Amino acid sequence: MSTLNVQSSCGDENEQGTLSVTQALNNMLNAVQEKSGVEQVHLTDAVDRILAQAITSPVNVPSHRNSAVDGYAVMQADLPTNDDIRTFKIAGRVVAGHPYKGELKQGECIQIMTGAQMPELADTVIMQEHVEVDADSIRIDARHSAGQNVRQAGEDIQMGQTVLQPGIKLTPPQIGLCASLGISEISVKTPLTAAVFSTGDEVLSIGDAPREGCIYDSNRYSMISALKKLGCKVLDMGIIADDPDKLRQAFKLAASNADVIFTSGGVSVGEADYTKQVLSQAGAINFWKVAMKPGRPVAFGKINNTTFFGLPGNPVAVMVTFYQFALPCLQKMMGLNQPLINPIIKAQCTTPIRKIPGRTEFQRGILSQSDSGKWQVSTTGKQGSGILRSMSNANAFIILEHERASVKKGEWVSVQTFSGLF
Ligand code: AMP
Ligand code: MG
């Protein structure tokens, strides 16, 4: 029998000499370092930014002793014991923001509102629901404990205490926390600049007139959107034709203006793909075959001091490689001290999936909860790596691990939701 000497392709089901997803990711993570600088921003512009310096509190929180409820402030020594009921004269009223000027005397109480400063000598508050009011006095029974319903000064945060560590992505409650300390300006990491271009003679920008045999560029727009969502500054370099000189110029320009370069297309073995040839001269670039589907060909390396991700051309492969590889690397480059990883949960698969062991598959799925509260997932149907609708209709990746074989209906699978990623 005669055989052909052919190259392997993305469609081949088993192949030697490829990297696993974990190996590829580790190689990339080991090759990138934090690249961001530091800038000052007003607190109202700081959400989703990465904190550059620890926040220590310049004050005690709360700054003064105050009441946790609406009620009556008394002295603990006056509280009735056993089965006693005691009457207190209402000597005054204190509301938040207006400290009480007088001094509490034995046998008296001060009506107090939530957040109002505790009058001097008062140390206990009786909730208004627990008293019997009679014109200018109240009666309370013996169920109360000394010191109840009072927030002590510094009980939440003490002056000088570190409340936030650098390297976190600031959330709304953390912004509120800084505000509660009276902090208006904070140091955050500067955004990364990402240069993005697509390659291919067949690729058109939105707004271009349709041309026979051509397609509209989707990759550049999905990548730019993903980068903007991560807080990167984007240098949109458009579409570069399959022309070695133009590609060379584009890489040169991108490398001297950006921290990271993203391209799509041109990293497989296509005849018109000059990217590989040009890149081999431009920097230290690896062309990897990763044992994954979709997304097998991925180029990664450095051009001078700029990190380069050469993602595949197929639109779904771009998204999968972006989220599985580029996202963790970008988070490290941005200075996040703990990369935000979306949790992977187990769900019951309601559709059978064909799979052979030896590569990791990222099927696009729809995750939902059954009436009994069980997580279940189905695929979005056709899973071709060019079918972007499989991704836009999905809310999760169904991750079929490297060694896993076909999935029968009803089997449990690993699912990574898009919420948080997108
Ligand atoms: P390539 O790796 O350059 O051979 O591209 C693989 C496939 O992805 C081809 O069908 C291309 O037409 C398609 N493709 C490449 N770049 C893009 C892009 N920017 N947007 C949409 N499809 C693309
Ligand atoms: Mg191409």
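Position numbers for residues start from 1 in each chain and track the written sequence from start to end. A letter from A marks each chain and a number from 1 marks each ligand, given out in the order of writing. This being a predicted model, a pLDDT of at least 70 is required before a residue's local features are given, and a value of 80 or more before pairs of side-chain atoms are given or counted; all residues contribute to the totals for chains, interfaces and linings. With hydrogens and water excluded, all non-hydrogen atoms of the structure serve as input to the side-chain values.

Student: Hey, could you run me through the domain arrangement of the chain in this one?
Tutor: Size of an interface, as often reported, equals the accessible area lost when the parts are brought together. Under the domain assignment, the chain is made up of domain 1 (21–36 + 191–333), domain 2 (38–61 + 168–189), domain 3 (66–151) and domain 4 (344–417). Start and end points for every domain follow an automatic or database-based domain assignment. Just the C-alpha atoms count here: the centres of domain 1 and domain 4 sit 26 Å apart. On the side of domain 4, 16 residues touch domain 1, which itself brings 14 residues to the contact. Of the roughly 1,200 Å² buried where domain 1 meets domain 4, counting both sides, 69% is carbon and sulfur surface. Any Lys or Arg side-chain nitrogen found within 4 Å of a carboxyl oxygen on Asp or Glu counts as a salt bridge. The interface formed by domain 1 and domain 4 holds zero salt bridges in total. We call two N or O atoms a polar contact when they sit within 3.5 Å, provided that within protein one can donate a hydrogen and the other can accept it, with sequence-adjacent residues counted only if both atoms are side-chain atoms. Between domain 1 and domain 4 we count six residue pairs in polar contact (both at pLDDT 80 or more) in total. Where helices and strands are cited, they refer to DSSP runs of H or I of at least four residues and of E of at least two residues respectively, numbered from the N terminus. When residues of the side of domain 1 that touches domain 4 are assigned to their parent elements, the largest contribution, seven residues, is made by helix α6 (residues 315–334). We call two residues in contact whenever any of their non-hydrogen atoms come within 4.5 Å of each other. Values labelled buried area give the accessible surface lost by two parts on being combined, using a 1.4 Å probe and summing over both.

Student: What should I look at first to understand the site of ligand 1 in this one?
Tutor: Among the 17 residues in the neighbourhood of ligand 1, the closest are listed as Glu202, Asp217, Asn219, Gly266 and Gly313. Note that a nitrogen atom of ligand 1 is positioned 3.1 Å from one of the backbone N or O atoms of Ser218. Here an oxygen atom of ligand 1 and a backbone polar atom of Asn314 are 3.3 Å apart. Values of accessible area rely on a 1.4 Å probe in the Shrake-Rupley scheme; residue burial ignores everything except the protein chains shown. Out of a free accessible area of 480 Å², ligand 1 has 77% covered by protein chains. Elements supplying a minimum of two residues to the shell around ligand 1: β13 (193–199) and β15 (215–216). Note on definitions. A residue lies near a molecule or strand when any single heavy atom of the residue is within 4 Å of it.

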